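Coordinate inspection notes
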Amino acid sequence: MNVNFDLQKNVLIIQPVCDLDHHHVEQLREVIDYNIGKKEVHHILFDLSEVSFADSSGIGLILGRYKKIGEKKGQAGFINVLESVKAVLKISGVFLLAKEYKNQKAAVEALSKGGRK
Amino acid sequence: MNVNFDLQKNVLIIQPVCDLDHHHVEQLREVIDYNIGKKEVHHILFDLSEVSFADSSGIGLILGRYKKIGEKKGQAGFINVLESVKAVLKISGVFLLAKEYKNQKAAVEALSKGGRK
Amino acid sequence: MNDFMEVSFNANSENEAFIRAVAASFILRLNPTIQDVYEVKTIVSEAVTNAIIHGYEDKPDGIIKVRMQIDERGVHIEIWDDGCGIEDIEQALEPMYTSKAEQERSGLGFSIMEEFSDKMRVKSKVGEGTRIYVTKYLQGE
Amino acid sequence: MNDFMEVSFNANSENEAFIRAVAASFILRLNPTIQDVYEVKTIVSEAVTNAIIHGYEDKPDGIIKVRMQIDERGVHIEIWDDGCGIEDIEQALEPMYTSKAEQERSGLGFSIMEEFSDKMRVKSKVGEGTRIYVTKYLQGE
Ligand SMILES: Nc1ncnc2c1ncn2[C@@H]1O[C@H](COP(=O)(O)OP(=O)(O)O)[C@@H](O)[C@H]1O
Ligand SMILES: Nc1ncnc2c1ncn2[C@@H]1O[C@H](COP(=O)(O)OP(=O)(O)O)[C@@H](O)[C@H]1O
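The paragraphs below set out a description of the structure included in this document. Keep in mind it's a predicted model, so treat the numbers as computed, not measured.

What to know about the packing of helix H3 (residues 83-92) of chain A against helix H4 (residues 109-116) of chain C
Where H3 of chain A meets H4 of chain C, the axes come as close as 10 Å, and the angle between the chain directions of the two elements is 125°. If you check the angle between H3 of chain A and H4 of chain C, you find them oblique. For the element pair H3 of chain A and H4 of chain C, the recorded crossing hand is right-handed. Here Ala87, Val88 and Ile91 of chain A of H3 of chain A come into contact with H4 of chain C, specifically with Ile112, Glu115 and Phe116 of chain C. Within the contact of H3 of chain A with H4 of chain C, the residues separate by chemical class into five nonpolar, no polar and one charged.

Here's what the structure looks like:
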């Protein structure tokens with residue numbers, strides 16, 4: 001599998017282990033949504049430590065999952081975004097919707113208490 | 001530079017830090033021969049720890065240096081040959097001319113005392 | 001230095017990773033920075049993905065060509081397909097415009113390509129295909 | 001699976017590393033073993049080096065083409081140049097035969113290609129060029 005999941009409090013940590021391009025995004029979408037659908041999941045956190053490449057298809061995936069968690073009034077966040085990947089994500093403005101956190105602990109702390117306004 | 005040199009006793013240790021293909025071999029030959037030419041050099045030891053690829057051009061380089069050190073009645077040896085590189089060297093029969101040693105110490109020990117028969 | 005390479009392959013999504021590796025290996029001789037390599041990879045990745053999804057609508061027997069030409073200043077890249085073509089290029093270039101929102105396309109492919117390149121030109125004809133021309137100057141060492 | 005790719009580039013020794021990277025990236029989708037990848041890289045490296053040194057005699061404006069076709073069992077590789085051609089193919093295939101001993105060629109290029117491939121065929125015509133056809137079955141995972 002190309003993606004690891006972990007649940008911390010009510011935050012689903014999604015760690016893709018592949019390039020976030022069109023080819024891989026097609027494979028990831030379904031399994032991520034299946035996990036987001038579980039009732040104990042209120043928020044999502046993208047751990048991009050194992051993502052060394054992302055393009056606009058990856059942005060599409062992230063925005064789509066942001067929408068999905070929004071249906072549950074949840075929030076999204078990022079940790080461990082490599083510099084080059086960050087450059088692409090910045091163009092998309094996705095950091096206006098989902099914040100990048102210093103580390104997993106801080107992210108889970110902040111997200112688990114929040115809700116979408 | 002693509003190659004490191006070290007002199008241990010009378011053994012010149014040659015450590016290429018690049019693929020041993022036609023492109024790099026052309027650049028390496030001259031500088032290696034310059035060093036083999038020094039009068040304190042009696043034998044040569046190829047340390048292939050940093051060579052992840054070699055093809056028949058690399059074999060040509062090795063055989064050529066074997067000939068050069070032969071002009072001085074010296075011997076040649078190998079250390080740290082990766083498995084895949086070994087497969088190519090085996091086809092060439094170069095291990096019949098120059099032995100592979102366990103480590104640098106053993107190689108320098110054996111070569112420095114020897115001479116070509 | 002004045003090297004070129006041209007590669008053709010089918011419109012299969014496995015080739016997205018392939019073309020990124022090809023582009024990265026080809027420009028290595030210019031001693032690019034890591035960010036330069038990332039941007040060139042992204043440019044070809046976006047254009048090839050578009051050819052696969054939009055140009056050939058996921059029919060993998062379509063042929064995509066990528067040509068790269070290097071000079072002292074940087075790299076010229078052409079990506080072309082013989083697919084369906086673009087009706088309204090101006091609209092296609094708008095940030096966030098996508099004709100395939102149902103596939104979760106972000107509509108940011110062209111925006112990212114423009115952001116990462118120094119010049120970009122799109123030529124397309126409906127029913128004949130699309131060609132993208134990109135120039136990218138590299139910072140080098 | 002039935003993917004192909006075809007790449008052309010000039011007869012520049014920088015392209016020896018390039019074609020190895022291209023070949024390795026292309027066959028990745030077959031989940032090859034490390035040794036499989038090494039052998040395919042070696043095959044294309046030998047053939048492209050020969051085209052550069054012998055076919056085009058170090059004139060970098062010569063064009064070399066490499067075509068790879070993948071199926072379930074492995075990969076078919078063609079390498080061709082429009083260079084000087086080979087007069088006596090049988091002699092060329094002999095282990096240790098080289099026409100450029102003064103350049104420290106080992107004369108083992110073809111031997112290594114044969115060793116690492118399952119089938120190899122050489123077609124050549126003096127003044128027209130050379131084509132090498134190689135089939136290599138991969139062991140896969
Ligand atoms: N090669 C192509 N062939 C046909 N149409 C294309 C091609 N490339 C882009 N387009 C059109 O341009 C639009 C915008 O492209 P882009 O900015 O990359 O966004 P996206 O791929 O996310 O839709 C696409 O939705 C498509 O309609
Ligand atoms: N593409 C080619 N064009 C012309 N001659 C070639 C070509 N490839 C091989 N040859 C001839 O075949 C000989 C043997 O090739 P090879 O076994 O690779 O050894 P080497 O490259 O070390 O000489 C070469 O010396 C050359 O004369």
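Re the site of ligand 1
All names here are of chain C. Taken together, 19 residues form the shell around ligand 1, and within it Asn50, His54, Thr98, Ser99 and Gly107 come nearest. Note that an oxygen atom of ligand 1 is positioned 2.8 Å from one of the side-chain N or O atoms of Asn50. One nitrogen or oxygen atom from the main chain of Gly55 is found 3.4 Å from a nitrogen atom belonging to ligand 1. In the complex, the protein chains occlude 96% of the 530 Å² of accessible area that ligand 1 would expose alone. Looking at the shell around ligand 1, the elements with two or more residues in it are helix H2 (34-55) and H4.

Structural notes on the sheet that holds strand E1 (residues 4-10) of chain D
Hydrogen bonds along the backbone pair up the strands of a sheet, which may run parallel or antiparallel. Here we have 10 strands laid out as an open sheet, ordered E4(C)-E5(C)-E3(C)-E2(C)-E1(C)-E1(D)-E2(D)-E3(D)-E5(D)-E4(D), and antiparallel in their pairing. Two strands in the sheet have a free side with no partner beyond their single neighbour: strand E4 (119-125) of chain C together with strand E4 (119-125) of chain D. Each strand axis lies, on average, 10° off the axis of its neighbour in the sheet, ignoring direction. In the sheet, strand E3 (residues 74-81) of chain D pairs with strand E5 (residues 129-137) of chain D via eight bridges, with the strands oriented antiparallel.

Some thoughts on the site of ligand 2
All names here are of chain D. Around ligand 2, a shell composed of 19 residues is seen, among which Asn50, His54, Thr98, Ser99 and Gly107 lie nearest. A distance of 2.8 Å separates an oxygen atom of ligand 2 from a polar side-chain atom of His54. The separation between an oxygen atom of ligand 2 and a polar main-chain atom of Phe110 is 3.0 Å. Coverage of ligand 2 by the protein amounts to 96% of the 530 Å² it exposes when considered alone. Going through the elements one at a time, helix H2 (34-55) and helix H4 (109-116) are the ones with two or more residues in the shell around ligand 2. In terms of residue count, H2 provides more of the shell around ligand 2 than any other element does, four residues in total.

Cut-off values and rules
Residues numbered from 1 in each chain as written. Chains lettered and ligands numbered in written order. Predicted model: local features only at pLDDT ≥ 70, side-chain atom pairs only at ≥ 80, totals over all residues. Heavy atoms only, no water. Axes fitted to C-alpha atoms, helices over the stretch in contact; angles between N-to-C directions. Helix = DSSP H or I, 4+ residues; strand = E, 2+ residues; numbered from the N terminus. Parallel < 35°, antiparallel > 145°, perpendicular 65-115°, else oblique. Left-handed = near helix turned anticlockwise from the far one by under 90°. Contact = heavy atoms within 4.5 Å. Nonpolar A, V, L, I, M, F, W, Y, C, P; charged D, E, K, R; others polar. Near = heavy atom within 4 Å. Polar contact = N/O pair within 3.5 Å; in protein donor to acceptor, adjacent residues only side chain to side chain. Areas by Shrake-Rupley, 256 points an atom, 1.4 Å probe, with all protein chains shown as cover. Pairing = 2+ DSSP bridges.

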